[in-house]
Amino acid sequence: MELKFLGKGGAFDNETNSSAYIANGDGILFIDMGENVFEKAKEVLQKLHPSTVIGVAITHTHSDHIGSLGTFILFCHYVLKKKVYLFTGSEDQLKHVKALLHIFGVDKSMYEESKHYFNGLHVRFVKTTHVDDFDCFGILLYRDSKFMTYYSGDSNSIPTVVQQELLQGNIKKFYQDITLADYPGNVHYNLDKFVNDFPAGAIEKTEVYFYHNTVFDPTKEVDLSNMKLQSSSVTVLTRENVSDVLKTVFDKVNLSANNIVEVSEVENGLELKHVSGIKRIIKFGDKIMINQVGRFIFF
Ligand SMILES: [Zn+2]
Ligand SMILES: [Zn+2]
C-alpha cells in the first residue's frame, strides 16, 4: 500500500508540511494535517465520491502535523456534510487533540474518536521517540500483516517492534523521517545511523522512503567507497551517456560515474543492476534516492 503525500517538508521548509493519505476501498485515511497542508487536502477531499469515509490519524501534536486539523474537520462537516474518524495513539494524545479542536471551534459531534481499524485497515500506533513534551507515534498500516506500510511520524529512532517487522520482511513500504544533521539531542533520525543499523541487504524486501527533513547539506559528499561491482560484464555509466536527471544527481553528489554499473530509469526513479555492497544513498536536491539491493527510489 503506497502512501500519497500532500507534503514532505518539515516545519521550516518551503515545502508543504509532511502529511500523507491512503485510499482504502471507499475510505480515505489521512496521516497528520499540518498548518500549511489544508489547501492540498481540500483538493483531495473535493474529488472524493460522496460516500467516501474520511479518517485522520495523528502522529503527534507539533503544529506542522496538526495545525490545520480544525479547518479540515470543519470543512468536512460544513461543506462535505461528513463526520471525520479521528485516530490517535494514546489517551493523553487524544486529550490534547480534543482540547485543541475545542479551541478551534470544532464540536465533538463533527468527529468520532476511533481506534485500531479504518474501513478494514489496521491502524496500529507505535510509540516513538521525538520530543518529551507529548506522546509521539509511528503508524503501521495493513490489511495483511505480511504486507505492512510504516509511517514514522517525526522520530529519532525506529521502535523495536517496527525493527522486528522490518527485519522479518513484513514491511513493504517504509517511510522514515530522516535528517543528515547529527548532534546530541537530535529529534529526527540521522541518515548515517540508518545506514549503520540497516546495512545493504538487511531489509531487501522493503522499499524505503525518507521524508520530512528536506534540508540537506549540499556540500557533503556521499561516501560510496563500499560500492563493489558484482559482475565484470557491466555497462559503465559515464557523464556522456547518462540522462539529464542523472547528470544532475551526479553533479549534486560529486559522484564518480565510473563506479556505477548499469542503470535504468523506472517510474519512481532508478534501478541499478549488478551492484552489491553499495553505500546506498544519493542525494538529489531535496529528494533522496535510497536503495536496498540496488533499488533506488526518488523521493
Ligand atoms: Zn514535523
Ligand atoms: Zn515533530
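For the structure itself, consult the block above.
Below, the discussion takes up the overall build of the chain. Per the secondary structure count, the chain includes seven helices and 19 strands. When each of the 299 residues of the chain is scored for burial, the buried share is 52%. Long-range pairs, those at least 24 residues apart, make up 64% of the contacts in the chain between residues at least 6 apart in sequence. When the accessible surface of the chain is split by element, carbon and sulfur atoms take 49% of a total near 13700 Å².

We now examine the packing of aromatic side chains. Counted according to the given criterion, the structure contains eleven aromatic pairs. Ring centres of Tyr150 and Phe174 lie 5.5 Å apart, and the angle between their planes is 25°; on these two criteria the pair is classed as stacked. Of this pair, Tyr150 sits in strand E10 (residues 148-151) while Phe174 sits in strand E11 (residues 171-178), placing them 24 residues apart in sequence. Judged by relative accessible area, which is 0%, Tyr150 ranks as buried. The structure contains a cluster of three or more aromatic residues connected by ring pairs, namely Phe5, Tyr151, Tyr175, Tyr209 and Tyr211.

With that settled, consider the sheet that holds strand E6 (residues 111-114). The six strands lie next to each other as E1-E2-E3-E4-E5-E6, forming an open sheet whose pairing is mixed. Two strands lie at the open edges of the sheet, namely strand E1 (4-7) and E6, each paired on one side alone. Looking at each pair of strands side by side, their axes are set apart by 25° on average, direction ignored. Both strand E3 (residues 27-31) and strand E4 (residues 53-57) contribute to a ladder of five bridges, which runs parallel. For Phe30, the partnering residue across the bridge sits in E4 and is Val56. This element, helix H4 (residues 91-103), spans strand E5 (84-87) and E6 of the sheet and lies at about 175° to E6.

Next up on the list: the coordination of the zinc ion (ligand 2). Surrounding the zinc ion (ligand 2) are the protein donor atoms His60 (NE2), His62 (ND1), His130 (NE2) and Asp154 (OD), which sit 2.2 to 2.3 Å from the metal. Metal-centred angles of 90 to 163° between the four donor atoms at the zinc ion (ligand 2) mark the site as irregular. All donors to the zinc ion (ligand 2) come from one chain, and their sequence spacing reads H-x1-H-x67-H-x23-D. Between the zinc ion (ligand 2) and the zinc ion (ligand 1) the interatomic distance comes to 3.5 Å, and Asp154 is a ligand of both metals. Of this pair, His60 sits in the loop between E4 and helix H2 (63-66) while Asp154 sits in the loop between E10 and helix H5 (160-167); the two residues are 94 residues apart in sequence, bridging distant segments of the chain.

Right, let's get into the sheet that holds E11. Here six strands make up an open sheet; going across it, the order is E7-E8-E9-E10-E11-E12 and the pairing mixed. Single-partner strands in this sheet number two, and they are strand E7 (116-118) and strand E12 (207-212). The mean angle between the axes of side-by-side strands here comes to 25°, regardless of whether they run parallel or antiparallel. Relative to E10, strand E9 (residues 137-142) runs antiparallel, the two being bridged by three bridges. Each residue of the ladder has a partner; that of Ile139, found in E10, is Tyr151.

This part is about unusual backbone geometry. Positive phi, normally seen in glycine, also occurs at Asp32, with a value near 65°. With respect to the helices, strands and loops of the structure, Asp32 is situated in the loop between E3 and helix H1 (38-46). For Asp32, a relative accessible area of 0% translates into the label buried. Of note, the phi angle at His116 is positive, near 70°, even though the residue is not glycine. Examined against the element boundaries, His116 turns out to sit in strand E7.

Among the structural elements, Ser18 can be located in the loop between E1 and strand E2 (19-24). Residue classification places Ser18 among the buried residues on the basis of a relative accessible area of 0%. A polar atom in the side chain of Ser18 sits 3.4 Å from the backbone oxygen of Lys8. At 2.9 Å, the side chain of Ser18 forms a polar contact with the backbone oxygen of Gly9. The residues contacting Ser18, other than those within four sequence positions of it, are Gly7, Lys8, Gly9, Asp32, Asp64, His65, Tyr151, Tyr211 and His212.

Counted by the stated rule, this structure contains six salt bridges. Residues Lys42 and Glu39 are paired through a salt bridge, measuring 3.8 Å at the closest nitrogen-oxygen approach. A residue pair is termed a helical-turn pair when its members lie 3 or 4 positions apart in one helix, as Lys42 and Glu39 do in helix H1 at three residues. On the basis of relative accessible area, Lys42 is assigned to the partly exposed category, the value being 22%. A residue is classified by how much of its surface remains accessible, and Glu39, at 48% relative accessible area, is partly exposed. Residue Lys83 pairs with Glu112 through a salt bridge whose shortest N-O separation is 3.5 Å. Pair noted here: Lys83 is in the loop between helix H3 (69-78) and E5 and Glu112 is in strand E6, with a separation of 29 residues, a long-range link. On the accessibility criterion, Lys83 (38% relative accessible area) is partly exposed.

Cut-offs applied
Residues numbered from 1 in each chain as written. Chains lettered and ligands numbered in written order. Predicted model: local features only at pLDDT ≥ 70, side-chain atom pairs only at ≥ 80, totals over all residues. Heavy atoms only, no water. Helix = DSSP H or I, 4+ residues; strand = E, 2+ residues; numbered from the N terminus. Buried < 20%, exposed > 50% of the residue type's maximum accessible area, 1.4 Å probe, protein only. Contact = heavy atoms within 4.5 Å. Areas by Shrake-Rupley, 256 points an atom, 1.4 Å probe, with all protein chains shown as cover. Phe/Tyr/Trp six-rings, centres within 6.5 Å; stacked < 30°, edge-to-face > 60°. Pairing = 2+ DSSP bridges. Axes fitted to C-alpha atoms, helices over the stretch in contact; angles between N-to-C directions. Donors = N, O, S within 2.8 Å, 3.2 Å for Na, K, Ca; no water. Tetrahedral: all angles 85-135°; square planar, octahedral: opposite > 155°, others 65-115°. Polar contact = N/O pair within 3.5 Å; in protein donor to acceptor, adjacent residues only side chain to side chain. Salt bridge = Lys/Arg side-chain N within 4 Å of Asp/Glu carboxyl O.

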